Amino acid sequence: MNFPEFTAVGLVDGQQIVYYDSSIMKMIPKTEWIQKINADDPNYWTNQTKRMQSDQEDLHQLLFTVMKDINHTKVRPMKFVFQRDSIRSPEVLCHATGFFPKTVMMTWQKDGKELVEDVDLRETLPNQDGSFQKRSILTVSAEDLQKHTYTCVIQHSSLEKEIVLPVSERQILNPGQRNTFL
């Protein structure tokens, strides 16, 4: 069954009194008492049909504009790898921010193989500008960081290829350093 692209329904006290859709392109009165409006104004239903056709076109243009803007507004993520304190903290943080659309994949690898254990993948959060941010925390001992190669991998629709961030290039944060995203 083909559904109309646009439908308008008028209700009074929960009862449908008028109907319009983009397939029939005509305003249809649905109750006997509403049909009587034609007696006072013979052009009433013709004018209401023209109004609905105009509303349909306005909505179509609005949706076209929004979809065009969304499809052209893919924003690439900024990415960071941090460790809170290189000596005491076993947590390494991978943080991506400023990306749009919302869906992003973040994974950790150890020596090129995907890690599932000791990974805390946080929820995707909105930024004030309409973009998004996400973080993933890897818990790993200092000894393992020295022995193995760890990377954070970010995949997003705005990217031609995935971003691979080596933990060896992480920024070490001092305990007293203020960072609002941590």
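Residues numbered from 1 in each chain as written. Predicted model: local features only at pLDDT ≥ 70, side-chain atom pairs only at ≥ 80, totals over all residues. Heavy atoms only, no water.

Caption draft 1: Seen up close, the sheet that holds strand β2 (residues 15–21). Here we have 3 strands laid out as an open sheet, ordered β1-β2-β3, and antiparallel in their pairing. With one partner strand each, in any of the chains shown, β1 (7–12) and β3 (28–29) form the two edges of the open sheet. As defined by bridge partners, β1 adjoins β2 across 6 bridges and the pair is classed as antiparallel. Bridge assignment links Gly10 to a residue of β2, and that residue is Val18. (Pairing = 2+ DSSP bridges. Helix = DSSP H or I, 4+ residues; strand = E, 2+ residues; numbered from the N terminus.)

Caption draft 2: Structural view of the packing of aromatic side chains. Scanning the model with the defined rule gives 3 aromatic pairs in all. A centroid spacing of 4.9 Å and a plane angle of 85° characterise the contact between Tyr44 and Trp45, whose relative ring orientation is edge-to-face. Residue Trp45 is classed as buried on the basis of its relative accessible area, which comes to 11%. With 6.3 Å between their ring centres and 20° between their planes, Phe100 and Phe132 make a pair best called stacked. (Phe/Tyr/Trp six-rings, centres within 6.5 Å; stacked < 30°, edge-to-face > 60°. Buried < 20%, exposed > 50% of the residue type's maximum accessible area, 1.4 Å probe, protein only.)

Caption draft 3: Examining the side chain of Ser22 more closely. If you trace the backbone, Ser22 turns up in the loop between β2 and β3. When near neighbours in sequence (up to four residues on either side) are disregarded, Ser22 contacts Pro4, Glu5, Phe6 and Gln56. (Contact = heavy atoms within 4.5 Å.)

Caption draft 4: Spotlight on the environment of Val9. Within the secondary structure, Val9 sits in strand β1. Taking the C-alpha atoms as reference points, Val9 and Tyr19, separated by 10 residues in sequence, lie 4.7 Å from one another. Ignoring any residue separated from it by four or fewer positions in sequence, one finds Val9 in contact with Gln16, Val18 and Tyr19.

Caption draft 5: Examining the nonpolar core more closely. Within the largest apolar cluster, 20 residues are counted, with the highest numbers of intra-cluster contacts made by Trp108 and Ile154. The set of elements that each furnish at least two residues to this core consists of β5 (91–99), β6 (104–110), β10 (132–139), β11 (150–156) and β12 (163–166). When residues of this core are assigned to their parent elements, the largest contribution, 4 residues, is made by β5. In this structure, Phe6, Val18, Trp45 and Met52 belong to the second largest nonpolar core, which totals 9 residues. (Core = buried A, V, L, I, M, F, W, Y, C linked by side-chain atoms within 4.5 Å.)

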